[in-house]
Amino acid sequence: MKACDLCGKGEATMRVSQLDKNGAVTEISVCAECARERGFTEVEKLKASVAEIIAELKTRIAEGDAKKVCHSCGLSYAEFKRQGRLGCAECYSSFHDELLPLIRRIHDAVQHVGRTASGGRKHAQMKMNVQKLREALSGAIQAEDYEKAAALRDQLRRSEEE
Amino acid sequence: MNSSDAVVGRWLAATGPEADVVLSTRVRLARNLADVPFTHRAGPDEHARTVEVVRWALADTGYMTSGRFLDNDQLAEPAGQYLTERHLVSPDFVASKAKRGLFVSNDETISLMVNEEDHLRFQVLTSGLDFPEAFTAAAELDEKLEGQLQYAFSPEFGFLTACPTNLGTGMRASVLVHLPALVITREIEKVLRGALHIGLAVRGLYGEGSETKGNFFQISNQKTVGQTEWEIIETIADISRQVISYERKAREYLMKKLRVEVEDKVFRSLGLLRGARVLSSDEAINLLAGLRLGVTLGIVNEISLEQVTRLLILVRPANLQVLLGENLAAVERDERRATFVRETLVHQ
């Protein structure tokens with residue numbers, strides 16, 4: 001057993017390199033107790049804990065991203081990553097910055113070219129609504145529910161004006 | 001019952017350009033409604049409303065007069081499998097529990113699924129290598145629907161889809177090619193690697209994950225952002241033309257150097273098809289693929305390319321049962337399949 005160079009009592013379990021004022025390196029052997037008192041740490045262990053800290057930070061950042069939620073449909077980015085599908089058209093704005101690198105990776109591009117949609121038309125939807133209101137109106141008339149019929153008639157007028 | 005009585009899609013007529021190698025061309029567009037969550041995240045009411053509004057749009061644009069609209073009940077098995085075998089729907093669409101709708105034109109060139117992964121997924125299938133016809137028809141339907149529906153679209157990302165892999169044009173363009181000579185001469189790997197190298201996907205007869213049964217391969221684009229529809233199509237058409245010329249060269253080579261072996265393969269296929277008493281679907285497809293090679297090479301003259309191509313669909317389990325008008329157990333089905341094929345290919 002080699003005794004500790006510092007206290008001379010404990011069993012030396014660690015080698016410590018010291019740098020003196022002149023820049024010369026000396027090596028001493030110390031026991032566990034002295035090492036703890038003076039804050040000596042094994043380099044290997046130190047490396048491991050730095051890696052742990054970085055990993056921890058990474059997870060926290062990722063968790064922060066994952067907690068991001070689409071303001072329109074409520075899908076979280078974590079859910080998207082799990083199932084690979086977005087929740088609604090708005091998700092593309094909600095997760096815009098997160099999606100950009102992914103889209104680039106898939107398509108080697110991030111700007112659409114090609115056919116465009118003029119947008120803003122909902123003729124089928126409107127016509128369908130009008131048709132439904134008409135049916136409801138004739139139903140109300142047949143049922144002699146004139147109050148309801150009047151309300152439906154007003155609604156129908158508004159829809160037809162749109 | 002003979003196969004010529006059966007109704008099959010116009011795309012199976014084998015009359016299109018390069019039909020000796022290319023069975024069909026397909027252009028599929030994915031579109032979503034702006035104000036409804038994507039299918040997997042929408043509720044039952046939203047599913048029902050989407051089906052209804054698309055149905056309305058199809059009626060208003062006049063498409064309904066030349067096709068039919070099927071709802072959930074009409075999509076239940078065996079209809080689901082029947083439609084899948086005819087390349088009109090995806091297996092995922094059939095398996096889905098959500099309220100769905102399907103439009104199919106009478107000639108089966110156009111089909112439109114409502115509430116697949118995207119609200120609308122429509123395709124045009126044409127015979128042979130024919131992107132101009134397929135894309136023009138798909139774009140026409142797209143334009144008409146866009147006059148009725150509000151699509152989810154952003155100037156930056158294009159048409160917005162549930163999965164970012166379909167973003168942008170929302171277009172998947174593909175050709176289904178028959179490459180037996182390249183397989184026999186072992187040149188196939190090289191050729192397909194070329195397609196993969198320029199970013200195209202190569203799959204089996206029934207798309208993703210399916211085997212390359214009977215030496216049929218599907219070549220399609222993977223990228224949908226950053227290229228116009230025509231640029232994407234040109235890339236696939238270019239590689240298709242290359243593949244066609246390689247396959248034809250390989251067929252020529254076989255006829256020059258290995259004529260006896262090729263004739264042997266073709267006539268064995270025909271012999272089994274004409275003689276077998278029990279025939280599974282897979283075996284029938286492989287034999288028909290061998291016969292198809294013989295027909296395109298002029299080794300077999302009394303059978304037309306159209307007959308063989310139609311049979312490739314009609315021998316499949318659900319199509320066979322619908323054709324025979326009976327629900328059959330697998331063993332009985334294999335017997336009836338053999339009889340059906342034998343009667344269709346009887347010496348003329």
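(A) Summary view of the side chain of B:Asn32. All names here are of chain B. Residue placement: asparagine 32 occurs in the loop between strand E1 (22-31) and helix H1 (44-60). In this structure the side chain of asparagine 32 is engaged in a polar contact, spanning 2.8 Å, whose partner is the backbone nitrogen of histidine 119. At a separation of 2.9 Å, a polar atom in the side chain of asparagine 32 contacts the main-chain carbonyl oxygen of leucine 160. In contact with asparagine 32, other than residues within four places in its own chain, are Phe38, Asp118, His119, Gln150, Tyr151, Ala152, Leu160, Thr161 and Ala162.

(B) Focus on the packing of helix H9 (residues 259-275) of chain B against helix H10 (residues 281-296) of chain B. All names here are of chain B. Where H9 meets H10, the axes come as close as 8 Å, and the angle between the chain directions of the two elements is 130°. As judged from the angle between their axes, H9 and H10 are oblique. Where H9 crosses over H10, the handedness of that crossing is left-handed. On H10, the residues that touch Val262, Val266, Ser269, Leu270, Leu272 and Leu273 of H9 are Ala284, Leu287, Leu288, Gly290, Leu291, Leu293 and Gly294. Partitioned by chemical class, the residues of the contact of H9 with H10 number 10 nonpolar, three polar and no charged.

(C) Seen up close, the sheet that holds strand E3 (residues 101-105) of chain B. Residue and element names in this part refer to chain B. Ordered by their spatial adjacency, eight strands build an open sheet running E2-E3-E4-E5-E1-E8-E10-E9, and the pairing between neighbours is antiparallel. Looking at which strands have only one partner, the edges of the open sheet turn out to be strand E2 (67-71) and strand E9 (200-203). Sheet twist, expressed as the average angle between the axes of neighbouring strands with direction ignored, equals 15°. The pairing of E9 with strand E10 (residues 216-221) spans four bridges and is classified as antiparallel. Across the sheet, the residue bridging to leucine 200 is asparagine 221, located in E10. Running at roughly 155° to strand E4 (residues 110-114), H1 makes contact with E2, E3, E4 and strand E5 (120-127) of the sheet.

What counts and how
Residues numbered from 1 in each chain as written. Chains lettered and ligands numbered in written order. Predicted model: local features only at pLDDT ≥ 70, side-chain atom pairs only at ≥ 80, totals over all residues. Heavy atoms only, no water. Helix = DSSP H or I, 4+ residues; strand = E, 2+ residues; numbered from the N terminus. Polar contact = N/O pair within 3.5 Å; in protein donor to acceptor, adjacent residues only side chain to side chain. Contact = heavy atoms within 4.5 Å. Axes fitted to C-alpha atoms, helices over the stretch in contact; angles between N-to-C directions. Parallel < 35°, antiparallel > 145°, perpendicular 65-115°, else oblique. Left-handed = near helix turned anticlockwise from the far one by under 90°. Nonpolar A, V, L, I, M, F, W, Y, C, P; charged D, E, K, R; others polar. Pairing = 2+ DSSP bridges.

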